[in-house]
Amino acid sequence: MGACYGTLGNNLPSPREMIALCKKHNIRRIRLYDPNPTVLEALQGSGIKVIVGMVHDDIPGIARDPSLAKSWVQNNILKYKKVNFRYVVIGNEITPSEGDPSASIAPSVPIAMQHIYDALSEAGLRGVKVSTSLSMNVIAQSYPPSSGAFKSSYHDSFIDPIVKFLVKTESPFLINVYPYFAYVSDTSDIKLDYALFASHSVAVKDGPYQYHSLFDAMVDAVYAALEKVGGANLKVVVSETGWPSAGGTATTVANARTYNSNLIKSVKKGTPRRPRKPIETYIFDLIDENNKSPELEKNWGIFLANKSPKYPLSFVSHKVCRYI
């Protein structure tokens, strides 16, 4: 388990305080959305495993010019020799959908991934994997999970080359999975306990697979989609998931605690389609970000801006359990 470290707030603790907070509460993996130098300096020597993102504005240039990829790796990876980098992620939730702000960037993503991979390899860092983080919007169909498939219009210039690259480089497929948004979009058909990992009975039967949680069903729809495009053996990493504590439908501290507590227990067991294969997962968000909008977006943190835990939650690492 890990947590996403967002920084869109004007009342947040310093990066050094945040990294100390992570270490205190046994959070040993974090995801950064950009190579913030102050945060990366704070991470030096911490032992925390890091996913670092590339901002969208950098992607087209790096896709056009491999020398810019070398500069990016030099300035944002090699410069921080005591940071334990795990993945470089080329953009967040980019989609080719017409009208989406990121649509023009989408064709550049697979090329930029290759150029960063080449630059890392040249620097002797083949252990740092390269991927991109997508949203569930790339899935055309997810119910039942075995019908999971990517949108057909995304295949040729986006999904297919991304999956081919990940297979070739043995890198993971990163996806942001939010049962919360699925639930609020269809509260008449999706029960709250199913979205919160709290269903005591089978909610969905899909052939030999039985689902007690919406999260598992969504992740298995991704596995099914990958199987259809040659990515059956790819590792799926859930690069964001969580539940807000205020600002919208079913947003309470109790629900946020229930979701995240049950999430931590559930991902260790895998999914019905991939049993006994733990899912590397990152909770969104480490801390409330008060500069985000609308109001809902300000309330995903597991910590308040004063560093107090919003609710009791345990992160497990090396069979040691500490509570926040």
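Residues numbered from 1 in each chain as written. Predicted model: local features only at pLDDT ≥ 70, side-chain atom pairs only at ≥ 80, totals over all residues. Heavy atoms only, no water.

Focus: helix α5 (residues 109–122)
Here comes step 1: With 14 residues, α5 should reach 20 Å at 1.5 Å per residue; the first-to-last C-alpha distance of 20 Å fits that figure.
Here comes step 2: For α5, the buried fraction is high: 10 of the 14 residues fall into the buried class.
Here comes step 3: Those residues of α5 that fall on the buried side of the exposure criterion are Val109, Pro110, Ala112, Met113, His115, Ile116, Tyr117, Ala119, Leu120 and Ser121.
Here comes step 4: The secondary structure elements touched by the buried residues of α5 are β3 (49–54), α3 (59–64), α4 (66–78), β4 (84–92), β5 (129–135) and α6 (155–169).
Here comes step 5: Among the residues trailing α5, Gly124 stands out with phi positive, at a value near 80 degrees. (Helix = DSSP H or I, 4+ residues; strand = E, 2+ residues; numbered from the N terminus. Expected span 1.5 Å × (residues − 1). Buried < 20%, exposed > 50% of the residue type's maximum accessible area, 1.4 Å probe, protein only. Contact = heavy atoms within 4.5 Å.)

Overview of the environment of Ile287
Here comes step 1: The residue Ile287 is located in the loop between β12 (281–283) and β13 (314–317) in this model.
Here comes step 2: Spatially, the C-alpha atom of Ile287 lies 9.2 Å from that of Pro309, the residues being 22 residues apart in sequence.

Quick look at the side chain of Thr169
Here comes step 1: Tracing the backbone shows Thr169 in helix α6.
Here comes step 2: Here the side chain of Thr169 touches Phe165 through a polar contact of 2.9 Å, landing on its backbone oxygen.
Here comes step 3: With residues near it in sequence (within four places) discarded, Thr169 still touches Tyr117 and Lys129. (Polar contact = N/O pair within 3.5 Å; in protein donor to acceptor, adjacent residues only side chain to side chain.)

A few points about the pattern of salt bridges
Here comes step 1: Under the criterion given, the structure shown has 11 salt bridges.
Here comes step 2: With its nearest N and O atoms 3.2 Å apart, the salt bridge here joins Glu17 to Lys307. In this pair, Glu17 is assigned in helix α1 (residues 15–24) and Lys307 in the loop between β12 and β13, connecting sequence segments 290 residues apart.
Here comes step 3: For Glu17, a relative accessible area of 35% puts it in the partly exposed group.
Here comes step 4: On the basis of relative accessibility, which here comes to 31%, the residue Lys307 falls in the partly exposed class.
Here comes step 5: Ionic pairing is found between Lys298 and Glu295, a salt bridge with its closest N-O pair at 3.5 Å. (Salt bridge = Lys/Arg side-chain N within 4 Å of Asp/Glu carboxyl O.)

Geometric values such as these leave the question of function open.
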